[in-house]
Number of protein chains: 2
Amino acid sequence: MNSHSHDMTTAKFNRTAVQVPDAQAKIAARVTVGSIEKVHLESAHGRTLAETIQAPHPYPFFRRSGMDGFAIISTDTIDASSDHQVWFRVIDEIPCGYTSDHTIVSGTTARIMTGAQVPEGADAVVMMEMTESKVENGEQWIALKRHILSGANITPIGLEVQEGQQLLEAGTIIRAGEQSVLATFGIAEVPVFQRPKVAIFATGTELLDVDEPLQPGRIRNSNSYMLRSLVVEAGGEPVMYGSIADDVNTARAKLEEAIQDNDIVVTTGGVSVGDYDIMGELVLEEHVEMLFNKVTMRPGSVTTAAIYKDKLLFALSGNPGACFVGFGLFVRPTIRSMQADAHPYMEEWTAILEEEYTKVNNFTRFVRGRTEIRNGMVYAIPAAARVDESSVMITIKDSDCLIVVPPEKKGIPAGEQVRILKLPSGHVR
Amino acid sequence: MNSHSHDMTTAKFNRTAVQVPDAQAKIAARVTVGSIEKVHLESAHGRTLAETIQAPHPYPFFRRSGMDGFAIISTDTIDASSDHQVWFRVIDEIPCGYTSDHTIVSGTTARIMTGAQVPEGADAVVMMEMTESKVENGEQWIALKRHILSGANITPIGLEVQEGQQLLEAGTIIRAGEQSVLATFGIAEVPVFQRPKVAIFATGTELLDVDEPLQPGRIRNSNSYMLRSLVVEAGGEPVMYGSIADDVNTARAKLEEAIQDNDIVVTTGGVSVGDYDIMGELVLEEHVEMLFNKVTMRPGSVTTAAIYKDKLLFALSGNPGACFVGFGLFVRPTIRSMQADAHPYMEEWTAILEEEYTKVNNFTRFVRGRTEIRNGMVYAIPAAARVDESSVMITIKDSDCLIVVPPEKKGIPAGEQVRILKLPSGHVR
């Protein structure tokens, strides 16, 4: 070997592993909710609501016609029958968006369109198809042969939403349905959480940048790009710090810079636990508060979390699979919790295991897989695992869940129920 | 009524309804794939790949050590046993990212880290924990008591991916897993489809903008904002044209402008079929090729699609619920197909209906609902429907599927299997 020399044995060989839920709880206890800003509704898609919104007015805001037809006073129809037509003089025509200057009195009616405001006096709308019409002396008349009940085809004020009713809860991600609600109630400036800024860097002498040609013994830095996507999908703002070689002083300087300018720092090691573990050493320095540096899970047992200068620092494994799992279990919940999301963790489903899974382990294993729905049942199919899954980068793209294999299991036969964690947005289709 | 007067009876009362799949086919026949551009990997998240990508090199690119340990020649261990230690002189130390200048010959070994390139001559890696070590005359030695098989703990070149193997198909949305693949193979400039530009405007005299105070008989334009979110999630670029009142000439001018500058035009009516239907009239003009102007579905039966100046024009219902369904069935597939997505339509599942659905209709009904997974079964719960669902804006946000109620059904009892269409990204959690 060339001009490279350091002791490859590091403190990581003396780590105490914590359970995944305990690791998550240690992080959760230290997460603080981020700052709030206001954005216009047009820019609010994908942002997280920072305040609970109550209805500033009822909806509908006025008595709304549910039909194209005629607004009448229902008591005028009490004697109407197939033998006895009741006639109404048409005194107005009310399209959507207009109001009538006229009050409906007994014997009169107004033509009204769906969605228009029912005129004063009227208490029912009768659909056009139920009427006959005639013109007499330049006046338009309609006839009815049925008794119409009060309130027919009128949506009363506040039927959908009462004034003051809770519309949207703080921590909700704003998507199409939320946009619709906010627009309906005139909330043009939306209070949202600032996206947590997440510094991403990779450590490892073996790492080449994505536009560098390959060199013997080296691989390109793919984890930084993968993490960038994951941060975006979690609602954070990724800040790319590139990769740094195995030098503690450089790493420390980069880390200082990243901690200063960001809310969260995520590092990903070289290719595995075998790397010279700079981050592992840094978090043992006395000014850093280590939360955990080993978790009872595969892949990603060497995942580390620490607090430095009041900010959360995650040192994820450099294995692509382990990095992916570590992000989903620890970093994404942090990004969501900083935005008051009531459900920061991956959604848990049960599913039928489609193919036998034979690998056993003394730690809980999070196996990437994909789900299929057939006949109302959820099936989970483990990703093809020709080689150890933690290093298989290629199957990440085909996965939409993590199958949880408990440590006591001696593999799981096909057909058995398994617990799965649904990856946040699955296939975006 | 005030200064407003036109014939409220329009051509829409003489429409021929087509089935949903036929309507979709009519559109699909007219969709053309969009233009391609190259973006850097950092900007590629959420974009759609425009070319199928083959592996430019095998992966791993070199014989990779799967363990922290020692690289040896396996035949040296043939006689090793618990009674017979075999000793190796350590001639190098190979961290990740480095290569060795030495060739391993019989009786020698190199210390090697996980992920590092296995040195010439060696054909196996033995894990560190299986070795004993000593230092003699300043030289380091290790001993083995076991026969090691050739190939042990070495990931051969190309095990994950062979050179030339297909990595990613054109039409794939680029997310974390795809980013990882692209970075690994050095594809820094990614060929993606240009996002289709989608003009959005709303028609209806009753519409107020989101920051206007309420007025009697009027409602705020919520559909434009809802559509904006849906276009973003579908991978299009929304362009907001606001709302226009019920004036055919203004509408025509706006439409001309929108058609000129965009790839798709989506309009949404006022609040219902009852509106004065400008778009319905425009698509009947002779320079416009109408594809359909009525669909056998609820809500949204008045949905219209047309070709104008070689571009697709969609006139969706102004009902929030109908607008939402119309977008999902017709507009989103268009945006996806313009980017060569092999699965442009909503994913179809079967589910157990959780609550009885009693409403009947002569058209197929797409009922908004949400899914729950319990014990490996998918349950679909119709959205609370106090009022007619097509006008219920408030439940859109709580929906992650459309429950398909066929026209011949006399409602569906709880517990029965139903077909559901999964809304693209469901709850983003």
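Rules used throughout
- Residues numbered from 1 in each chain as written.
- Chains lettered and ligands numbered in written order.
- Predicted model: local features only at pLDDT ≥ 70, side-chain atom pairs only at ≥ 80, totals over all residues.
- Heavy atoms only, no water.
- Patch = residues over 30% accessible without salt bridge, like charges linked within 9 Å, V, L, I, M, F, W, Y side chains within 5 Å.
- Areas by Shrake-Rupley, 256 points an atom, 1.4 Å probe, with all protein chains shown as cover.
- Salt bridge = Lys/Arg side-chain N within 4 Å of Asp/Glu carboxyl O.
- Lys, Arg positive; Asp, Glu negative; His and termini not counted.
- Charge placed at Lys NZ, Arg CZ, Asp CG, Glu CD.
- Helix = DSSP H or I, 4+ residues; strand = E, 2+ residues; numbered from the N terminus.
- Contact = heavy atoms within 4.5 Å.
- Buried area = accessible area lost by both parts, 1.4 Å probe.
- Polar contact = N/O pair within 3.5 Å; in protein donor to acceptor, adjacent residues only side chain to side chain.
- Axes fitted to C-alpha atoms, helices over the stretch in contact; angles between N-to-C directions.
- Parallel < 35°, antiparallel > 145°, perpendicular 65-115°, else oblique.
- Left-handed = near helix turned anticlockwise from the far one by under 90°.
- Nonpolar A, V, L, I, M, F, W, Y, C, P; charged D, E, K, R; others polar.
- Buried < 20%, exposed > 50% of the residue type's maximum accessible area, 1.4 Å probe, protein only.
- Domains from an automatic or database assignment.

Chemist: Which residues make up a negative patch on the surface, and what values go with them?
Modeler: On the surface, a cluster of negative charge is contributed by E42 and E189 of chain A together with D209, D211 and E212 of chain B. Structurally, the position occupied by E189 of chain A is in strand β12 (residues 189–193).

Chemist: Can you tell me about the interface of chain A and chain B, naming the residues and giving the values?
Modeler: Contacts between the two partners involve 104 residues from chain A and, on the opposite side, 104 residues from chain B. At the boundary of chain A with chain B, total buried surface from both sides reaches about 9900 Å², with 59% on carbon and sulfur atoms. Linking chain A to chain B there are two salt bridges. Residue E233 of chain A is joined to R175 of chain B by a salt bridge in which the shortest nitrogen-to-oxygen separation is 2.7 Å. Where chain A packs against chain B, one counts 26 residue pairs in polar contact (both at pLDDT 80 or more). Broken down by element, the side of chain A that touches chain B gets its largest block of residues, nine residues, from helix α2 (residues 176–184) of chain A.

Chemist: Hey, could you go over the packing of helix α3 (residues 223–234) of chain A against helix α6 (residues 320–337) of chain A for me, with residue numbers and the actual values?
Modeler: Residue and element names in this part refer to chain A. Between α3 and α6, the least distance of the axes is 10 Å, while the angle of their chain directions is 30 degrees. What the angle tells us is that α3 and α6 run roughly parallel. Handedness of the crossing formed by α3 with α6: right-handed. Touching N223, M226, L227, L230, V231 and A234 of α3 are P320, C323, F324, F327, R332, I335 and R336, all from α6. Each residue belonging to the contact of α3 with α6 can be placed in one class, and the counts come to ten nonpolar, one polar and two charged.

Chemist: Residue-level account of the pattern of salt bridges, with values.
Modeler: Pairing is possible between side chains that carry opposite charge, provided their charged atoms lie close to one another. Applying the stated rule across the entire model yields 30 salt bridges over all chains. The salt bridge involving E139 of chain B is made with R89 of chain B; its shortest N-O contact spans 3.8 Å. Note that E139 of chain B is positioned in strand β9 (residues 139–144) and R89 of chain B in strand β5 (residues 86–94), a separation of 50 residues in sequence. We classify R89 of chain B as partly exposed; its relative accessible area is 31%. A single salt-bridge network, built from bridges that share partners, covers E354, R370, E372 and R374 of chain A.

Chemist: Outline the domain arrangement of chain A, supporting the account with residue identities and numerical values.
Modeler: Residue and element names in this part refer to chain A. Splitting chain A by domain gives domain 1 (11–35 + 195–337), domain 2 (37–59 + 159–193), domain 3 (64–155) and domain 4 (347–422). Once you take the C-alpha centre of each, domain 1 and domain 2 turn out to be 34 Å apart. Taken together, the five residues of domain 1 in the interface contact nine residues of domain 2. Buried area between domain 1 and domain 2, both sides added, is near 500 Å², and the carbon and sulfur share of it is 43%.

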